[in-house]
Amino acid sequence: MIQGDAKTSLLFVNHASLLIKNGGRYLLTDPWHLRPGFGSWLPTFQQYVQPSYYAALGDKLSLLISHGHDDHCDDDLLKIFDKNTEIVTASFNAPSVVNRLKKLGFHNVTVADSNDGAVLNNGFAVKSYINPQLSLDDAVYTIDTGSGFVVHCNDNWAKFDDETIASIAKDRQGYANANVAFFSQTNSASGHPLSYTIFDDEQKISILRSKVKGMVTQGMRNADALGIDTFYSYAGFASIFVKEFPSYLDLALIPTAKFIRDELLDDTESRALGARVDVRDFYPGDVLDLSDGKITKAFVSSEDYSDKALKDATVRYYDAYGIIDQCDTFKPKLEQGEFNRDRLIYFLDNLNKFVARKIQADATFFQTIVGKAMEIVVPDKGITATIIFGGDVFIGPYPKGLPNKRITVESSLMTQVLNGDILFENLYSGYEGQWERFPPNVYNRDIVMFVVMYSYVYQNRLAKLAPAA
């Protein structure tokens, strides 16, 4: 606990974006405005404060970028901030977030670890906690203002390890629960189950609710393990715009506190957890006073509109202003050149090399991927390509029957991936490809993790070296 006399208050902006204020100094986390995440996501709740107001704060404002996903790091929005703006992120082994910020022109970038952390110019003390068994590119953050303590989990809903719990518990000593705010992801950020062809819509909703319930309750258990008796839902308020699959817009959940309490905490165990850890109503525009834990509702209050009404109005806004048209599958199909088989092989061959380097560097990191297979099917070109991780890459189906993962994607989108125009992750997290897994009940998280990490390496570096068309 650092010492401070000023009162800390916290505004919920949208998604994973929080504006923390203490004595006329501000910290804004994970800003996201109008840039589509993963090529198809847009915020379900728009920013409650027009971003120009943040940018006008000058050196009174610092930024925290938790990780490099576009729903947490909006390059277009960042361009409006002064390049001297102080930005903090985690001390990741790979410098991709720092390099990305520097490429945008920011030069006052610092990193925080789980030991000493970093004390920002605004006096806030920030620490980050990376669990390499879950992700090498994301982290849990704590923010100590001297009069309030915020746990900013962003996408890290999974069980905290004992070391993380012990460290955070030590740092929050001296703060009553009313002075602590625990924010954790409460929605799915992967292609499963919505983009998996083996499920109908009814099955997708059932699986998605069960999956999200597991995420929410584990996040609540993390708060409970820290002795925190309140919980705030965030990092799950996005709508999906894929032209070929408009049902995604209706199937996506809006995980407000009301939805969580009424729909997800539906059994004896989860209701008992909810009795210990209160999921509080907290909407964009609401302000939390960390001196006493009281919430002041926004001037345009969630008490006066329904979740669905706000979602529908937001979609109409995006449509009226042409923002949906900026999503990958709504853009005009520009001339991308001919689909290039050699580039597809190059893409998969370098994925294999990337996996080999990672597991050689860390013997504990997803060695299970070795020997597994993934197919990429491009139906309008009649092409199937296969990668056997740790083995061969070739044109043709997996010769031993069914692969562990299969994606079907039209050549127009796959060509954009191979050209480096969009991320391969857009085909998964962005729901732009159609996926299968064999057997259907096996996640194969190792494949997903490597594909996601590799997407950024390929787009930023390898695509420039790919074979010419």
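Here, every reference points to the structure presented above.
Source: prediction; values computed, not measured.

*Asks:* Would you mind going over the overall build of the protein chain with me for this structure?
*Replies:* What the protein chain contains, in helices and strands, is 12 helices and 22 strands. Taken over the C-alpha trace, the protein chain has a radius of gyration of 22 Å; the compact-globule value for 469 residues is 23 Å, and the two agree within 12%. C-alpha extents for the protein chain along the principal axes are approximately 65 × 45 × 45 Å. Here the protein chain, with 469 residues, has 58% of them falling under the buried criterion. Of the contacts formed within the protein chain by residues at least 6 apart in sequence, a portion of 69% connects residues at least 24 apart. Per element, the accessible surface of the protein chain, about 19200 Å² overall, is 51% carbon and sulfur.

*Asks:* Before we go on, may I ask you to explain the packing of helix H10 (residues 341–361) against helix H12 (residues 445–460) in this structure?
*Replies:* For any two helices packed against each other, one specifies the crossing angle of their axes together with the interaxial distance. Interhelical geometry of H10 versus H12 gives an angle of 115° and a closest axis separation of 10 Å. Classified by the angle their axes make, H10 and H12 are roughly perpendicular. Remark: the crossing between H10 and H12 carries right-handed chirality. Here H10 contributes Tyr346, Phe347, Asn350, Leu351, Phe354, Val355, Lys358 and Ile359 to the contact with H12, which in turn contributes Phe450, Val451, Met453, Tyr454, Val457 and Tyr458. Grouping the constituent residues of the contact of H10 with H12 by class yields 12 nonpolar, 1 polar and 1 charged.

*Asks:* Help me out: how do you make sense of the nonpolar core in this one?
*Replies:* Proteins that are soluble and globular tend to have nonpolar side chains buried together. With 85 residues, the main nonpolar core has Phe347, Ile376, Met414 and Phe424 as its most contacted residues. A per-element tally of this core places H12 first, with 10 residues. Other than its neighbours up to four places away in sequence, Phe424 contacts Phe347, Ile376, Ile407, Met414, Val417, Trp435, Val451 and Ser455. Core analysis: the next-biggest nonpolar cluster, separate from the first, contains 51 residues, Leu11, Phe45, Phe81 and Leu290 among them.

*Asks:* I would appreciate a short explanation of the pairing of strand E5 (residues 61–64) in the present structure.
*Replies:* Two faces, one strand: in a regular strand the side chains alternate between the faces of the sheet. Neither face of E5 is exposed, since Leu61 and Leu63 on one face and Ser62 and Leu64 on the opposite face are all buried. Here strand E3 (residues 25–29) runs beside E5; their pairing, made up of 4 bridges, is parallel. Bridge pairing links Tyr26 to Leu61 in E5. Judged from the 3 bridges that link them, E5 and strand E6 (residues 86–90) form a sheet pairing that is parallel. Bridging from a neighbouring strand, Ser62 pairs with Glu86 of E6.

*Asks:* Before we go on, may I ask you to explain the environment of Val315 in this structure?
*Replies:* Following the sequence through the fold, Val315 ends up in helix H9 (residues 307–320). Put simply, Val315 and Phe241 are 74 residues apart on the chain and 9.7 Å apart in space, counted from C-alpha to C-alpha. Residues in contact with Val315, not counting those within four places in the same chain, are Phe241, Leu249 and Ile324.

*Asks:* Looking at this model, I keep getting lost on a nonpolar patch on the surface. Mind explaining?
*Replies:* A cluster of nonpolar side chains, namely Tyr48, Phe299 and Val300, defines an oily patch on the protein surface of about 370 Å² accessible area. Checked against the element boundaries, Phe299 lands in the loop between strand E17 (294–296) and H9. On the basis of relative accessible area, Phe299 is assigned to the exposed category, the value being 82%.

*Asks:* Would you explain the sheet that holds strand E8 (residues 118–119) in this entry?
*Replies:* Whether parallel or antiparallel, the strands of a sheet pair through hydrogen bonds between backbone atoms. Taken in spatial order, the 7 strands line up as E8-E9-E10-E11-E12-E13-E15 in an open sheet, and their pairing is mixed. One side of each edge strand has no neighbouring strand; the edge strands of this open sheet are E8 and strand E15 (278–279). As paired elements, strand E13 (residues 230–234) and E15 share 2 bridges and run parallel to each other. Considered in E15, the bridge of Thr230 is made with Asp278.

*Asks:* Would you mind showing me how to read the pattern of salt bridges here?
*Replies:* If charged atoms from side chains of opposite charge come close, those side chains can pair. Tallying each qualifying case throughout the model produces 21 salt bridges. Put simply, Asp266 and Lys213 hold a salt bridge, and the shortest N to O gap is 2.7 Å. Taken together, the residues Asp266 in the loop between helix H7 (257–264) and helix H8 (268–276) and Lys213 in helix H5 (residues 201–225) connect sequence positions 53 residues apart. With a closest N to O distance of 3.3 Å, Asp349 and Lys353 form a salt bridge. Of this pair, Asp349 and Lys353 both sit in helix H10, 4 residues apart, which is roughly one turn of the helix. We classify Lys353 as partly exposed; its relative accessible area is 42%.

*Asks:* Could you clarify how one ought to interpret the sheet that holds E3 in this entry?
*Replies:* Spatially, 8 strands are ordered E7-E6-E5-E3-E2-E1-E16-E17 in an open sheet, and the strand pairing comes out mixed. This sheet does not close on itself; its edge strands, each paired only once, are strand E7 (109–112) and E17. Strand-to-strand twist of the sheet, defined as the mean angle between neighbouring strand axes without regard to direction, takes the value 25°. Relative to strand E16 (residues 287–289), strand E1 (residues 8–14) runs antiparallel, the two being bridged by 3 bridges. Within E16, the position partnered with Ser9 by the bridge is Asp289.

About the thresholds
- Chains are numbered independently. Their residues run from 1 in the order of the written sequence.
- The predicted nature of this model means local features are confined to residues of pLDDT at least 70 and side-chain atom pairs, given and counted, to a pLDDT of 80 or more, with totals for whole chains, interfaces and linings taken over all residues.
- Side-chain numbers here rest on the full set of heavy atoms in the structure, without hydrogens or water.
- Strands here mean DSSP runs of E at least two residues long; helices mean DSSP runs of H or I at least four residues long; both are numbered from the N terminus.
- Every radius of gyration here is taken over C-alpha atoms, with the globule rule written as 2.2 Å times N^0.38, N being the number of residues.
- Relative accessibility decides the category of a residue: with a 1.4 Å probe and only protein chains considered, values under 20% of the type maximum give buried, values over 50% give exposed, and everything between is partly exposed.
- Working rule for contacts: check all heavy atoms of both residues, and any pair within 4.5 Å makes them a contact.
- For the area figures, the Shrake-Rupley method with a 1.4 Å probe applies, and any residue is considered shielded solely by the protein chains shown.
- Under this scheme, a helix contributes an axis fitted over its contacting stretch, all axes are lines through C-alpha atoms, and angles between N-to-C directions fall in the 0 to 180 degree range.
- When describing relative orientation, an angle under 35 degrees is termed roughly parallel and one over 145 degrees roughly antiparallel, while 65 to 115 degrees is termed roughly perpendicular and anything else oblique.
- Take the far helix as your reference; a near helix turned counterclockwise from it by less than a right angle gives a left-handed crossing, and one turned clockwise gives a right-handed crossing.
- Under the convention adopted here, Pro, Cys and the residues Ala, Val, Leu, Ile, Met, Phe, Trp and Tyr are nonpolar, Asp, Glu, Lys and Arg are charged, and Gly plus all remaining residues are polar.
- Among buried residues, those of type Ala, Val, Leu, Ile, Met, Phe, Trp, Tyr and Cys that are joined through side-chain atoms within 4.5 Å constitute a nonpolar core.
- A pair of strands is treated as paired once DSSP finds two or more bridges between them.
- By definition, no residue in a patch forms a salt bridge, and every one has over 30% relative accessible area; like charges are joined within 9 Å, nonpolar side chains (Val, Leu, Ile, Met, Phe, Trp, Tyr) within 5 Å.
- Every case where a carboxyl oxygen of Asp or Glu lies within 4 Å of a side-chain nitrogen of Lys or Arg is listed as a salt bridge.

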